[in-house]
Amino acid sequence: MTTSSKNQLVPHGVPPVYFTFRSLEKLGVAHATTTRHCPGTAVWGEPQPLVGPEAVAALAGTGLDLRRLTWARQVHGADVVRATASGGFAGRADVLLTTEHSAPLAIFTADCLPVTVCDPDARVLALAHVGWRGTVAGAAQAAVAAVTQTGGRSSRLVVTIGPSIGPCCYEGDEPVVREFATAYPLTWERWVNPTGPGRFVLDLWAANEALMAAAGVEPARIENPRLCTACHPDLLYSYRKGNRGRLVTFAALP
Ligand SMILES: [Zn+2]
């Protein structure tokens, strides 16, 4: 882990069972991103409960009320679903929104970006699942828009980007790059670097940071510890490294 990730991410357990962000802790937002050392988190188990008793025990220190969890079938899009107070399966969506307190949202990732967007004063929270398709579809901006349209103010937003694949490891091919170029004709070249014939490295971190900044979030309030899933296969799940597990990112309003 880099120095900056140590400053922003707090490991819990040895080896870490989950991470938290200092910025969200300060706001009183109960949250966690699990590692591969967290037991009892199902792989795509919807619509049955996604966290087993072992996970509830392992996450007891987070303060999350997992009985009120909301989750969705993630489809690499940018649709937003609003959670209810009681939680449950929310249908097909990649952005979850809530104004309920103590009712956690959950997003599942393995290389894709788990993005948390919170306005602590307006008491609005969103979680987004953002891979390359979600970046092209605008999922991170959709999360920002959902929060601001629900009373949030963009200047107050606190955004975190959890462990996900970095430009160190994320290769794409020409069809992917073409979709980026079509979606973002003025800026895509900043996020795509050629590495060989028909091969490119994609920087989804830089892309989503820039897209959320363009959507009104103050860049200094976007926290990205730049912890790469593919660089840490012993700690995290990476789809590209052949792991079939999922990291779970939870967050709930205080
Ligand atoms: Zn990497």
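See the structure shown above.
Peer 1: Any chance you could explain the overall build of the protein here in plain terms?
Peer 2: Broken down by element type, the protein carries seven helices and 16 strands. A compact globule built from 254 residues should have a C-alpha radius of gyration of about 18 Å, and the protein, at 17 Å, falls within 12% of that. Residue burial in the protein is summarised as follows: out of 254 residues, 50% are buried. Counted over contacts in the protein with a minimum sequence separation of 6, partners at least 24 positions apart contribute 61%.

Peer 1: Would you mind showing me how to read the sheet that holds strand β5 (residues 80–82) here?
Peer 2: Pairing between sheet strands relies on hydrogen bonds along the backbone, with the strands arranged either parallel or antiparallel. Taken in spatial order, the six strands make up an open sheet running β5-β7-β10-β9-β11-β15, and their pairing is mixed. The outermost strands of the open sheet, each flanked by one partner alone, are β5 and β15 (222–223). Sheet topology note: the β5/strand β7 (residues 95–98) ladder contains three bridges and is parallel. Among the inter-strand pairings, Val80 is bridged to a residue of β7, identified as Val95. Packed on one face of the sheet, helix α5 (residues 139–148) meets β5, β7, β9 (113–119) and β10 (124–130) and runs near 170° to β10.

Peer 1: Looking at this model, I keep getting lost on the packing of α5 against helix α7 (residues 204–214). Mind explaining?
Peer 2: Helix-helix packing is characterised by the crossing angle of the two axes and by the distance between the axes. Close contact between α5 and α7 brings their axes to 9 Å; oriented N to C, the two are set at 30°. Put simply, α5 runs roughly parallel to α7. Relative to α7, the crossing made by α5 is right-handed. Contacts between α5 and α7 involve Ala140, Gln141 and Val144 from the first element and Asn208, Leu211 and Met212 from the second. Looking at the contact of α5 with α7 residue by residue, the classes come out as four nonpolar, two polar and no charged.

Peer 1: Help me out: how do you make sense of unusual backbone geometry in this one?
Peer 2: Keep in mind that most residues, glycine aside, have a negative phi and that most peptide bonds are trans. Between Val14 and the following residue, Pro15, the backbone shows a cis peptide bond with an omega angle of -5°. Tracing the backbone shows Pro15 in the loop between β1 (9–12) and β2 (18–21). For Ser102, which is not glycine, the phi torsion reads 65° and is therefore positive. Structurally, Ser102 is set in the loop between β7 and β8 (105–109). Judged by the 14 C-beta atoms lying within 10 Å of it, Ser102 falls in the partly exposed class. Residue Arg226 is not a glycine yet carries a positive backbone phi of 55°. Among the secondary structure elements, Arg226 is positioned in the loop between β15 and β16 (247–252).

Peer 1: Please explain the sheet that holds strand β14 (residues 199–202) as it appears in this structure.
Peer 2: Strand order in the open sheet formed by three strands is β12-β14-β13, and the pairing between neighbours is antiparallel. Among the strands making up the open sheet, the edge pair consists of β12 (171–173) and β13 (192–196). Strand-to-strand twist in this sheet, taken as the mean axis angle between neighbours without regard to direction, amounts to 45°. As paired elements, β13 and β14 share four bridges and run antiparallel to each other. Residue Pro194 lies in a different strand from β14, and its bridge partner there is Phe200. In the packing of helix α6 (residues 174–183) onto the sheet, contacts are made with β12, β13 and β14, and the angle to β12 comes to roughly 85°.

Peer 1: What's the story with the nonpolar core in this structure? I'm lost.
Peer 2: Nonpolar side chains in soluble globular proteins generally cluster together in the buried interior. Counting 83 residues, the largest nonpolar core has Val95, Leu96, Ala126, Ala128 and Ala143 as the members making the most contacts within it. Sorting elements by how many residues they give to this core places α5 first, with eight residues. Sequence-distant contacts of Val95, that is, excluding residues within four places in its chain, are made with Ala78, Asp79, Val80, Ala126, Ala128, Ala139, Ala142, Ala143 and Ala146.

Peer 1: Sorry, what's going on with the pairing of β16 here?
Peer 2: Each regular strand displays side chains that alternate between the two surfaces of the sheet. Among the six residues that make up β16, six are buried, leaving the element largely enclosed by the rest of the structure. Where burial is concerned, the two faces of β16 agree: the one with Leu247, Thr249 and Ala251 and the one with Val248, Phe250 and Ala252 are both buried. Taken together, the four bridges between strand β3 (residues 30–34) and β16 define a ladder with antiparallel strand orientation. Counted as the bridge partner of Thr33 is Thr249 from β16. Relative to β16, β8 runs antiparallel, the two sharing five bridges. In the strand pairing of β16, Ile107 is matched with Thr249.

Criteria and thresholds
- Residues numbered from 1 in each chain as written.
- Predicted model: local features only at pLDDT ≥ 70, side-chain atom pairs only at ≥ 80, totals over all residues.
- Helix = DSSP H or I, 4+ residues; strand = E, 2+ residues; numbered from the N terminus.
- Rg over C-alpha atoms; globule rule 2.2 N^0.38 Å.
- Buried ≥ 20, exposed ≤ 12 C-beta atoms within 10 Å, placed from the backbone.
- Contact = placed C-beta atoms within 7 Å.
- Pairing = 2+ DSSP bridges.
- Axes fitted to C-alpha atoms, helices over the stretch in contact; angles between N-to-C directions.
- Parallel < 35°, antiparallel > 145°, perpendicular 65-115°, else oblique.
- Left-handed = near helix turned anticlockwise from the far one by under 90°.
- Nonpolar A, V, L, I, M, F, W, Y, C, P; charged D, E, K, R; others polar.
- Core = buried A, V, L, I, M, F, W, Y, C linked by C-beta atoms within 7 Å.

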